Amino acid sequence: MTLLGYDRYCDEITTQTDLLRELLKGADLSAGVPTCPGWTLAGLVRHIGGNLRTGETAVRTGQTIDDPGTQVSDVAGPDGDDPAELDAWLAAGAARYAETLRKAGPDTEARIWTFHGSASFWVRRALHDLVIHRADAAIAVGADYAVVPDLAADAVDELLELFSGQQAGGSPQLAELRGPVRSIHLHATDAGAEPAAEWLIELGPDGFTWRHGHEKATVALRGPLTDVLLVFYRRLPAGSGRVEVLGESALLDLWLDHASLG
């Protein structure tokens with residue numbers, strides 16, 4: 001269920017990139033990123049910038065991109081980790097990505113590695129990758145982090161849609177969630193939060209389904225929408241105290257252990 005329009009997705013690519021760039025001003029880019037073990041902040045920037053350039057090339061050329069290192073110009077970024085050069089490289093990549101996808105339109109098809117989708121799919125995926133990696137950067141530098149409600153709600157929707165796709169593709173990890181009928185309720189408690197910011201995930205012997213709704217569940221995760229998003233993306237521990245877990249917490253732990261993008 002897409003909450004936002006295509007033009008908004010394109011606009012948010014540069015908005016979220018600029019928010020990330022602001023976070024990194026003056027930061028030590030050699031510092032580690034706790035939520036991405038083994039990564040530095042410089043590596044995080046290169047990951048984002050490289051992904052944006054890969055996506056832009058796939059949409060613009062119509063070619064399958066299965067080896068970005070040889071097919072995508074400047075995919076690795078500048079030599080060394082000079083903050084000004086990395087910042088300029090990231091900004092240029094985001095601007096070009098947004099411009100190319102806006103011109104291409106939402107129905108243009110592109111393939112990256114084995115994944116095929118429309119420009120609408122790819123820009124939404126790139127956007128929420130940025131949203132979550134901005135959280136990684138904020139955690140690394142000890143800064144505050146927030147996401148506007150409709151964008152945070154759409155990020156949860158998109159993640160559930162991706163998991164549904166993985167399940168349909170026979171993911172052995174998600175298959176381990178099969179079992180007796182149980183349910184997980186995600187509930188944003190913010191006053192004035194996005195109306196669609198409640199979700200019910202129903203698990204059973206055939207796998208899981210999800211929908212928006214407010215119902216009693218086996219376990220409920222309640223808290224501000226941004227924090228619910230961060231827990232669901234495994235960036236914030238469910239026991240952090242910023243959210244509330246009601247009911248069988250072991251079921252939420254099971255979901256978080258098995259529902260992952262990689």
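Note that the coordinates shown come from a computational prediction; the quantities given were computed from them, not determined experimentally.

Colleague: Explain the sheet that holds strand 5 (residues 207-212) here, please?
Modeller: Within a sheet, each strand pairs with its neighbour through backbone hydrogen bonds, oriented either parallel or antiparallel. The sheet built from 5 strands is open, its strands ordered 5-4-3-6-7 with mixed pairing. Looking at the sheet topology across the chains shown, the edges are occupied by strand 5 and strand 7 (244-247). Recorded for the sheet is a direction-independent mean angle of 15° between the axes of neighbouring strands. Direction of pairing for strand 3 (residues 182-188) relative to strand 6 (residues 219-223): parallel, over a ladder of 5 bridges. Residue Leu186 lies in a different strand from strand 6, and its bridge partner there is Leu221.

Colleague: So what exactly am I meant to see when it comes to the layout of surface pockets here?
Modeller: Think of a ball as big as a water molecule: rolled over the atoms, this probe shows where empty space is left. Taken as a whole, the largest pocket encloses approximately 1100 Å³ of empty space. Arg125, Asp129, Leu162, Leu261 and Gly262 are the residues nearest the centre of the largest pocket, which is lined by 35 residues in total. Elements with a contribution of two residues or more to the lining of the largest pocket: helix 2 (41-61), strand 2 (115-118), helix 5 (119-141) and helix 6 (149-168). Ranked by residues supplied to the lining of the largest pocket, first place goes to helix 5 with 8 residues. Residues belonging to the lining of the largest pocket are distributed by class as follows: 18 nonpolar, 12 polar and 5 charged.

Colleague: I'm lost on the side chain of Glu56 in this one. Help?
Modeller: With respect to the element layout, Glu56 can be found in helix 2. Looking at Glu56, its side chain comes within polar contact range of the side chain of Arg60, at 2.7 Å. Among all residues touching Glu56, those that are not within four sequence positions of it are Arg96, Tyr97, Thr100 and Leu101.

Colleague: Sorry if this is basic, but what is going on with the packing of aromatic side chains here?
Modeller: Each aromatic ring pair is characterised by the separation of its centres together with the angle its planes make. Under the counting rule described, the total for this entry stands at 4 aromatic pairs. An angle of 85° between the planes, with centres 5.1 Å apart, marks the rings of Phe208 and Trp255 as edge-to-face. Taken together, the residues Phe208 in strand 5 and Trp255 in helix 9 (residues 249-258) connect sequence positions 47 residues apart. Note on Phe208: relative accessible area 4%, which makes it buried. Using a relative accessible area of 1% as the deciding quantity, one classes Trp255 as buried. Residues Phe232 and Trp255 carry aromatic rings whose centres are separated by 6.0 Å and whose planes lie at 10° to one another, so their mutual orientation is stacked. Of this pair, Phe232 sits in helix 8 (residues 225-232) while Trp255 sits in helix 9; the two residues are 23 residues apart in sequence, bridging distant segments of the chain. Each member of the aromatic cluster is reached from another via a ring pair, and the members are Phe163, Phe208, Phe232 and Trp255.

Analysis parameters
Residues numbered from 1 in each chain as written. Predicted model: local features only at pLDDT ≥ 70, side-chain atom pairs only at ≥ 80, totals over all residues. Heavy atoms only, no water. Pairing = 2+ DSSP bridges. Helix = DSSP H or I, 4+ residues; strand = E, 2+ residues; numbered from the N terminus. Axes fitted to C-alpha atoms, helices over the stretch in contact; angles between N-to-C directions. 1 Å grid on protein atoms, 1.4 Å probe; cavity = no way out; pocket = protein on both sides within 12 Å on 5 of 7 lines; lining within 4 Å. Points joined across faces, edges and corners; volume = space filled by probe spheres on them. Nonpolar A, V, L, I, M, F, W, Y, C, P; charged D, E, K, R; others polar. Polar contact = N/O pair within 3.5 Å; in protein donor to acceptor, adjacent residues only side chain to side chain. Contact = heavy atoms within 4.5 Å. Phe/Tyr/Trp six-rings, centres within 6.5 Å; stacked < 30°, edge-to-face > 60°. Buried < 20%, exposed > 50% of the residue type's maximum accessible area, 1.4 Å probe, protein only.

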